[in-house]
Amino acid sequence: MASCRVPLVLLACGSFNPITNQHMRLFELARDHMHSTGRFEVVGGIVSPVSDGYGKQGLVPAKHRISMAKLALQSSNWVTVDEWESQQPDWTETVVTMRYHHGRILKEYEQSAGRHSDASENFASPSSPFPQLKLLCGADFLSSFKIPGLWLDDHVEELVQRFGLVCVSRGSLQPERAVHESDTLFRHRRNVFLVREWVRNETSATEIRRALRRDQSVKYLIPDSVIEYIHQHELYTEDSERRNEGTALRPLIKQAHQPIKSLDD
Amino acid sequence: MENPTTSKVVLLACGSFNPITNMHLRMFELARDHLEDTGQYSVIKGIISPVGDAYKKKGLIEASHRVEMARLATESSEWITVDSWESQQSDWVETSKVIRHHYEELLAREHNRDDVDTVKYTKKRRIEENYIASSLSPLSLCSDGPQLMLLCGADVLESFGIPNLWKQEDIAEIVGRYGLVCVTRSGSDPHKFINQSDDLWKYRKNIHVVHEWVTNDISATHVRRALRRGRSVRYLLPESVVRYVQEHSLYSAESEQKNADVVLAPFQKYSDASTKTES
């Protein structure tokens, strides 16, 4: 009986440059884990590729990264690709993306709940709690909170307190350590869900791009349809890897001289 | 697109494939890239040969399923195929015999391709037989037919050291006459193992070690465990195999208990024989 389970949507932000089987595994692992806590019912997954404005080295145009993600997720019946973030004129803070999606999800929920009740106000009842949105990420993401200038303190606070994190451990990185070493994360540790990935799979998009540059096979690491797309559009060459070389990441520039933002944006 | 100066190679992988995973398939891709990168080889084919049920490994499900899953998994591959000969034998077949069988098939196909020239054929055959009789140099040296190499992970290489699992002469034949392509799994050092074994050291030139820089530890054991616990295995196996497993409800706590009290076939066969251990 899932009546007291909180409906949960998982959002993964990242370059997806390109999307890999490992990215899609994150969703599967996270869903299984959150379901096994007994408290959640995962109702959706969103892949949100970052916009070109992010300025990361080797980032190919968003339209390609979106197309590849769509191809990869064709066979999934619960994870979809969202283009909103990639369409924003400037790089968008993760928390802003989360606020957008959460607002959207709540609205949909209210609309469908409204169809079942005649009340003008919609109360979440124990049997039908408000849906939640949590950020899905790998352990390396948690460690990125420490990088100076990359995250605003308030944002990290909002991320873990208001939304929550589902973090899948990767390789030798220990997410427990990152939680331990950050007061903010530690304070909200009950909203930080750590998923153990027992299968050591260090396949990363970086490795995929490296293999492609060297004409090595990436079959069985990313879907065939994505491999075909990459070859058709001749993505991922030595040239593409040099894109944005020498440029600082947009977050570091954007957040360098800004005052700390408040919760109401 | 075969360079005339390269040797043609066929890769043969023996194993349980219980079930086949993306890691098994990656092994082929990595091996091919590695061999072709040397400039000396042209890999023309890959063969997956699932072991027969008579192997009696714990948790081994019916060969018919394992073969079918491997077929589904390789549908999208242009060069990797599945062969059910080994799985259809009523007794367990030693790996060296499987290799010999496939090598003979390869030779037969090569000869059928040659122009009908009995003189040339007879001469070739005699040379080969002489080499087989006299030394253990790789067969590619004496024929322009393809070389057949055993493709495996480092765990298989290291299993050569397990008492009563392999016959010494079989190991010598596999590495001496045919060749081994060993893809390293995380946490093993095949070079050290080769160094510690006189037999392997002698034929080290026939052992190609492929370093898997990116750890990809999708073991079939892990996949079976996840399935028993109702966890998702998507993206660890090809989609068609995931569907097959679901449709046939394979891999349960019950299936894992199969052969639990039975002795593995090689141990059964070799336990009486006195075998030298690796020095």
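Residues numbered from 1 in each chain as written. Chains lettered and ligands numbered in written order. Predicted model: local features only at pLDDT ≥ 70, side-chain atom pairs only at ≥ 80, totals over all residues. Heavy atoms only, no water.

Named according to an unreviewed UniProt entry, chain B is Nicotinamide-nucleotide adenylyltransferase originating from Poecilia latipinna. Within the UniProt record for chain B, the comment given under Sequence similarities (unreviewed entry) is "Belongs to the eukaryotic NMN adenylyltransferase family." Per UniProt, the comment on chain B under Subunit (unreviewed entry) is "Homohexamer. Interacts with ADPRT/PARP1." (UniProt positions renumbered as here; feature names shortened; annotations may be inferred.)

The name an unreviewed UniProt entry assigns to chain A is Nicotinamide-nucleotide adenylyltransferase, from the organism Poecilia latipinna. Quoted verbatim from the Subcellular location (unreviewed entry) field of the UniProt record, the comment on chain A reads "Nucleus".

Please set out the overall build of chain A residue by residue, giving values where relevant.
Counting its regular elements, chain A contains 12 helices and 6 strands. In chain A, the proportion of contacts linking residues at least 24 apart, taken out of those at least 6 apart, comes to 79%. (Helix = DSSP H or I, 4+ residues; strand = E, 2+ residues; numbered from the N terminus. Contact = heavy atoms within 4.5 Å.)

Hey, could you go over the pairing of strand S6 (residues 207-210) of chain B for me, with residue numbers and the actual values?
Residues and elements named next belong to chain B. Alternating positions in S6 separate into two faces, Ile207 and Val209 on one and His208 and Val210 on the other, with burial throughout. Bridge count between strand S5 (residues 180-183) and S6: 4 bridges; the pairing is parallel. Considered in S6, the bridge of valine 183 is made with valine 210. (Buried < 20%, exposed > 50% of the residue type's maximum accessible area, 1.4 Å probe, protein only. Pairing = 2+ DSSP bridges.)

Please give an account of the environment of Phe186(A) that cites residues and values.
With respect to the secondary-structure elements, Phe186(A) resides in helix H8 (residues 183-187). For the pair formed by Phe186(A) and His231(A), sequence separation is 45 residues and the distance between their alpha carbons is 45 Å.

Would you mind going over the sheet that holds strand S6 (residues 192-195) of chain A in detail, with residue names and values included?
Residue and element names in this part refer to chain A. Pairing within the open sheet is parallel, and its 6 strands lie in the order S3-S2-S1-S4-S5-S6. What marks the edges here is a single partner per strand, and that holds for strand S3 (79-81) and S6. Averaged over neighbouring strand pairs, the angle between their axes works out to 25° when direction is ignored. Helix-sheet contacts for helix H1 (residues 21-36) involve strand S1 (6-14), strand S2 (40-49), S3, strand S4 (132-138), strand S5 (165-168) and S6, and the interaxial angle to S2 is about 155°. (Axes fitted to C-alpha atoms, helices over the stretch in contact; angles between N-to-C directions.)

Could you give me a rundown of the confidence of the model for chain A, with the residues and numbers involved?
When the pLDDT values of chain A are averaged, the result is 88; 89% of them are 70 or greater. The low-confidence segment residues 261-265 of chain A, where pLDDT is below 50, has 10 contacts with residues more than four positions distant or belonging to other chains. (pLDDT = per-residue confidence, 0-100.)

Provide a residue-level description of helix H7 (residues 168-178) of chain B, including the pertinent values.
Residues and elements named next belong to chain B. The buried fraction of H7 is high, at 10 of 11 residues. For H7, the full list of buried residues reads Gln168, Asp170, Ile171, Ala172, Glu173, Ile174, Val175, Gly176, Arg177 and Tyr178. Following H7 by one or two positions, glycine 179 adopts a phi angle in the positive range, close to 125°.

Any chance you could break down the pairing of S5(A) for me, citing the residues and the numbers?
All names here are of chain A. Neither face of S5 is open: one carries Leu165 and Cys167, the other Val166 and Val168, and all of them are buried. Here 4 bridges tie S4 to S5, and the two strands are oriented parallel to one another. Bridging across to S5, leucine 136 finds its partner in valine 166. In the sheet, S5 pairs with S6 via 4 bridges, with the strands oriented parallel.

Outline the sheet that holds strand S3 (residues 80-82) of chain B, listing residues and values.
For sheets, the rule is that strands pair by backbone hydrogen bonds, running either parallel or antiparallel. All names here are of chain B. Read from one edge to the other, the open sheet built from 6 strands follows the order S3-S2-S1-S4-S5-S6, with strand pairing classed as parallel. The strands lining the two open edges of the sheet, one partner per strand, are S3 and S6. Taken pair by pair, the neighbouring strands of this sheet meet at an average axis angle of 25°, ignoring direction. Sitting on the sheet, helix H4 (residues 95-113) is in contact with strand S1 (7-15), strand S2 (41-50) and strand S4 (147-153), with an inclination near 145° to S1. H7 contacts S4, S5 and S6 of the sheet and is inclined by roughly 125° relative to S4.

An account of the pattern of salt bridges is needed here, citing residue identities and associated values.
A side chain with one charge can pair with a side chain of the opposite charge if their charged atoms come near. All chains considered together, the criterion is met by 29 salt bridges over all chains. Of the charged contacts, one joins Glu108(A) and Arg104(A) as a salt bridge, the two residues approaching to 3.3 Å between their closest N and O atoms. Residue Glu108(A) and its partner Arg104(A) are both found in helix H4 (residues 94-114); the two are separated by 4 residues, about one turn of the helix. The exposure class assigned to Glu108(A) is partly exposed, which follows from its relative accessible area of 44%. Residue Glu94(B) is joined to Lys167(B) by a salt bridge in which the shortest nitrogen-to-oxygen separation is 4.0 Å. Taken together, the residues span a long stretch of sequence, with Glu94(B) in the loop between helix H3 (85-88) and H4 and Lys167(B) in the loop between helix H6 (154-159) and H7 at a distance of 73 residues. One network of salt bridges, with partners in common, ties together Asp90(A), Glu93(A), Arg250(A) and Lys254(A). (Salt bridge = Lys/Arg side-chain N within 4 Å of Asp/Glu carboxyl O.)

How would you explain the interface of chain B and chain A if you had to name every residue and give the values?
Each partner contributes to the interface: chain B provides 23 residues, whereas chain A provides 22 residues. Summing both sides of the interface, chain B and chain A together bury roughly 2200 Å²; the carbon and sulfur share of this comes to 49%. Counting the contacts that link chain B with chain A gives 0 salt bridges. Along the contact surface separating chain B from chain A lie 11 residue pairs in polar contact (both at pLDDT 80 or more). By residue number, the principal contributor to the side of chain B that touches chain A is helix H1 (residues 22-37) of chain B, which donates 5 residues. Split into classes, the residues belonging to the side of chain B that touches chain A amount to 8 nonpolar, 8 polar and 7 charged. (Buried area = accessible area lost by both parts, 1.4 Å probe. Polar contact = N/O pair within 3.5 Å; in protein donor to acceptor, adjacent residues only side chain to side chain. Nonpolar A, V, L, I, M, F, W, Y, C, P; charged D, E, K, R; others polar.)

Tell me about the confidence of the model for chain B, and please be specific about residues and values.
Residue and element names in this part refer to chain B. With 84% of its residues at a pLDDT of at least 70, chain B reaches an overall mean of 86. Confidence, expressed as mean pLDDT per element, reaches its minimum in chain B at helix H5 (residues 118-134) with 54 and its maximum at S3 with 98. Note on residues 274-279: pLDDT under 50 across the span, and 10 contacts to partners over four residues away in sequence or across chains. With a pTM of 0.84, the predicted complex shows an ipTM of 0.81.

Any details on empty space enclosed by the protein? Residues and values, ideally.
All names here are of chain A. If you walk through the whole model with that rule in mind, you get 2 cavities of 30 Å³ or more. Approximately 80 Å³ is the volume found for the largest cavity. Ranked by residue count, the leading element in the lining of the largest cavity is H1, at 3 residues. Across the lining of the largest cavity, the residue classes tally to 5 nonpolar, 6 polar and 1 charged. (1 Å grid on protein atoms, 1.4 Å probe; cavity = no way out; pocket = protein on both sides within 12 Å on 5 of 7 lines; lining within 4 Å. Points joined across faces, edges and corners; volume = space filled by probe spheres on them.)

An account of the layout of surface pockets is needed here, citing residue identities and associated values.
In this structure, the largest pocket encloses a volume near 1500 Å³. Lining the largest pocket are 50 residues, with Asp215(A), Gln216(A), Ser217(A), Glu29(B) and Asp33(B) sitting closest to its centre. Those elements that provide at least two residues to the lining of the largest pocket are helix H9 (205-213) and helix H10 (224-232) of chain A together with H1, S2 and S6 of chain B. With 8 residues, the single largest contributor to the lining of the largest pocket is H1(B).

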